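Chain by chain, the residues:
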Amino acid sequence: MVEKQSKLEEKARSWMIERGVTIDDIADLVLFLQKKYHPTLDIAICRDNVDHVLRKREVQNAILTGIQLDVMAEQGELVQPLQNIIFEDEGLYGVDEILALSIVNVYGSIGFTNYGYIDKVKPGILAKLNEHDGKNVHTFLDDIVGAIAAAAASRLAHSYHEDIVQ
Ligand SMILES: [Ca+2]
């Protein structure tokens, strides 16, 4: 990558890897969302769009905030009742989804539709993040990853529309 990464971006990227999510995992989700519209779509273009999303400061902020809360819940360090709510991934909590929306909105309203869809189907890495094994907590990360994929897919859709892929 030619562009210099900020400290914030570096940290966001490395934390995602540490939590078991690679750029390729997210690129696979983008391909899943877009292949019905673009059957010949190359995974490299998906990856490039994920990279662009990860360069946005609001995305980096959401990643760091969400992962921090997941990790603290995993280590039992949050204050009750928040500790149990996030550890158990309680359905009525909803703040994880709200945080992820700050990512979805970066590239307009197509992202919102993609986000809802991918959150329902939970393909690939999203299924893994939703295993709830009683040890690893990904209450925030699953929504963040889905949102990054949704934003990347809508960026890709816009660029196809304008005929300027890459
Ligand atoms: Ca969640």
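Residues numbered from 1 in each chain as written. Predicted model: local features only at pLDDT ≥ 70, side-chain atom pairs only at ≥ 80, totals over all residues.

A. Summary view of the environment of Lys135. On the secondary structure map, Lys135 appears in the loop between helix H8 (125-129) and helix H9 (141-161). Sequence separation between Lys135 and Pro123 is 12 residues; the distance between their C-alpha atoms is 21 Å. (Helix = DSSP H or I, 4+ residues; strand = E, 2+ residues; numbered from the N terminus.)

B. Representation of the environment of Lys122 within the structure. Turning to its location among the elements, Lys122 is positioned in the loop between helix H7 (110-121) and H8. Residues Lys122 and Leu31 lie 91 residues apart in sequence; the distance between their C-alpha atoms is 14 Å. Ignoring anything within four residues of it in the chain, the contact list for Lys122 reads Ala127 and Asn130. (Contact = placed C-beta atoms within 7 Å.)

C. Quick peek at the nonpolar core. With 45 residues, the main nonpolar core has Val30, Ile148, Ala149 and Ala152 as its most contacted residues. Contributing elements (two or more residues each) for this core: helix H1 (7-18), helix H2 (23-34), helix H3 (43-54), helix H4 (57-74), helix H6 (95-104), H7, H8 and H9. The element that contributes the greatest number of residues to this core is H9, accounting for 12 residues. If we skip the residues at most four places from it in the chain, Ala149 touches Ile26, Leu29, Val30, Leu33 and Ile118. (Core = buried A, V, L, I, M, F, W, Y, C linked by C-beta atoms within 7 Å. Buried ≥ 20, exposed ≤ 12 C-beta atoms within 10 Å, placed from the backbone.)

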